[in-house]
Amino acid sequence: MSYVDIPDQFPTLRSGGLTLRELAEEDLATWFARRSDVAAAALAGDPVATSIADVIAGLQYHRDAFRAKLGVRWAIVPDEVGSSVGTIGFSEFLPGVRGAAVGAAIGRRHWGRGIATRAGAIVLDYGFEALRLEFVWAIVLPENARIIRVMEKLGFVRGNAPDGVNREIGKRLDTLYYYITRRMRAESFPGRDVSHDS
Ligand SMILES: CC(C)(COP(=O)(O)OP(=O)(O)OC[C@H]1O[C@@H](n2cnc3c(N)ncnc32)[C@H](O)[C@@H]1OP(=O)(O)O)[C@@H](O)C(=O)NCCC(=O)NCCS
């Protein structure tokens, strides 16, 4: 569903040696490499890309989704790399309860350097402040130990998916639901108290 708090102009975010910016044609080559990594695509529930046309369609999809206020997907650019190594973003907004799903994918050669964790912290802060979300969730496969570790580091906990949340990854339903609320984030990271309560 569309979410009116998504801005008209794409928000570029910078913190901790990362720039999160709008996806662009310059990202297509690394994006294709990532999407043709069969094991990583399966973990994320993405179809495996077999030609560059698949990621060109992906770029158009994310541009259209942003314009329609259905999603925000950033390219992740670490200072030390200087080009995009992955993507992260919000989708599946539930405007009535101010919730959104978060998802991320990093190119395999950049795994284990804390990039997803740092990018996750940036988008959570943006989601709870600028987008005024009340909670953020992620659906993950039980064998995806890396993303589970990332979410634990960010303060997510496991729970039962509320109505309206799509639990499927690919065709699988044996997935786990993780979530974090605005209050949990503020309590876990007091320096980041982003409460808008008056
Ligand atoms: C999941 C993913 C985004 C993580 O990105 P990343 O930049 O490597 O993540 P980080 O470096 O911030 O954190 C990874 C953590 O997992 C830990 N880890 C690595 N392998 C692990 C394993 N086999 N079991 C448990 N933890 C593991 C790392 O040690 C690190 O934790 P630490 O900082 O406490 O040491 C990346 O692996 C990816 O793109 N995977 C494929 C797509 C995907 O699964 N996306 C999520 C869909 S829901």
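Residues numbered from 1 in each chain as written. Predicted model: local features only at pLDDT ≥ 70, side-chain atom pairs only at ≥ 80, totals over all residues. Heavy atoms only, no water.

Engineer: Looking at this model, I keep getting lost on the packing of aromatic side chains. Mind explaining?
Structural biologist: The geometry of an aromatic ring pair is captured by the separation of the ring centres together with the interplanar angle, meaning the angle of the planes. For the structure on display, the rule yields 8 aromatic pairs. Measuring from centroid to centroid gives 4.7 Å for Tyr3 and Phe93, while their planes differ by 25 degrees, and the two rings are stacked. With Tyr3 in the segment before strand 1 (13-15) and Phe93 in strand 4 (residues 86-94), the pair connects residues that are 90 residues apart, well separated along the chain. Judged by relative accessible area, Tyr3 falls into the buried class, the value being 1%. For Phe93, a relative accessible area of 1% translates into the label buried. Ring geometry for Tyr177 and Tyr179: centres 5.8 Å apart, planes at 20 degrees, overall stacked. These aromatic residues form a ring-pair network of at least three members: Tyr3, Phe10, Phe66, Trp74, Phe90, Phe93 and Tyr126. (Phe/Tyr/Trp six-rings, centres within 6.5 Å; stacked < 30°, edge-to-face > 60°. Helix = DSSP H or I, 4+ residues; strand = E, 2+ residues; numbered from the N terminus. Buried < 20%, exposed > 50% of the residue type's maximum accessible area, 1.4 Å probe, protein only.)

Engineer: Looking at this model, I keep getting lost on the packing of helix 4 (residues 115-129) against helix 5 (residues 145-154). Mind explaining?
Structural biologist: When two helices pack together, their arrangement is given by the angle between the helix axes and the distance between those axes. Taken N-terminus to C-terminus, the directions of helix 4 and helix 5 make an angle of 50 degrees; their axes are 10 Å apart at the nearest point. Relative to helix 5, the element helix 4 is oriented oblique. The two elements helix 4 and helix 5 cross, and the hand of that crossing is right-handed. Residues Ala116, Thr117, Gly120, Ala121 and Leu124 of helix 4 lie in contact with helix 5, whose contacting residues are Val150, Lys153 and Leu154. A breakdown of the residues in the contact of helix 4 with helix 5 according to their chemical character gives 5 nonpolar, 2 polar and 1 charged. (Axes fitted to C-alpha atoms, helices over the stretch in contact; angles between N-to-C directions. Parallel < 35°, antiparallel > 145°, perpendicular 65-115°, else oblique. Left-handed = near helix turned anticlockwise from the far one by under 90°. Contact = heavy atoms within 4.5 Å. Nonpolar A, V, L, I, M, F, W, Y, C, P; charged D, E, K, R; others polar.)

Engineer: Any chance you could explain the pairing of strand 8 (residues 176-181) here in plain terms?
Structural biologist: On a regular strand, one side chain projects to one face of the sheet and the next to the other, so that they alternate. With 6 bridges joining them, strand 6 (residues 135-140) and strand 8 adopt antiparallel strand pairing. Paired with Trp137 across the bridge in strand 8 is Tyr179. The pairing of strand 7 (residues 157-159) with strand 8 spans 3 bridges and is classified as antiparallel. What sits directly across from Gly159, in strand 8, is Tyr177. (Pairing = 2+ DSSP bridges.)

Engineer: Mind showing me how you'd approach the site of the ligand here?
Structural biologist: The ligand sits among 22 residues. The nearest are Ile106, Gly114, Thr117, Asn144 and Lys153. With respect to the ligand, the backbone of Gly114 contributes an N or O atom lying 2.8 Å from an oxygen atom. Between Asn144 and the ligand, the recorded distance is 2.7 Å, taken from a side-chain N or O atom to an oxygen atom. Within the residue set of the shell around the ligand, elements represented by two or more residues are helix 2 (38-44), strand 5 (99-106), helix 4, strand 6 and helix 5. (Near = heavy atom within 4 Å. Polar contact = N/O pair within 3.5 Å; in protein donor to acceptor, adjacent residues only side chain to side chain.)

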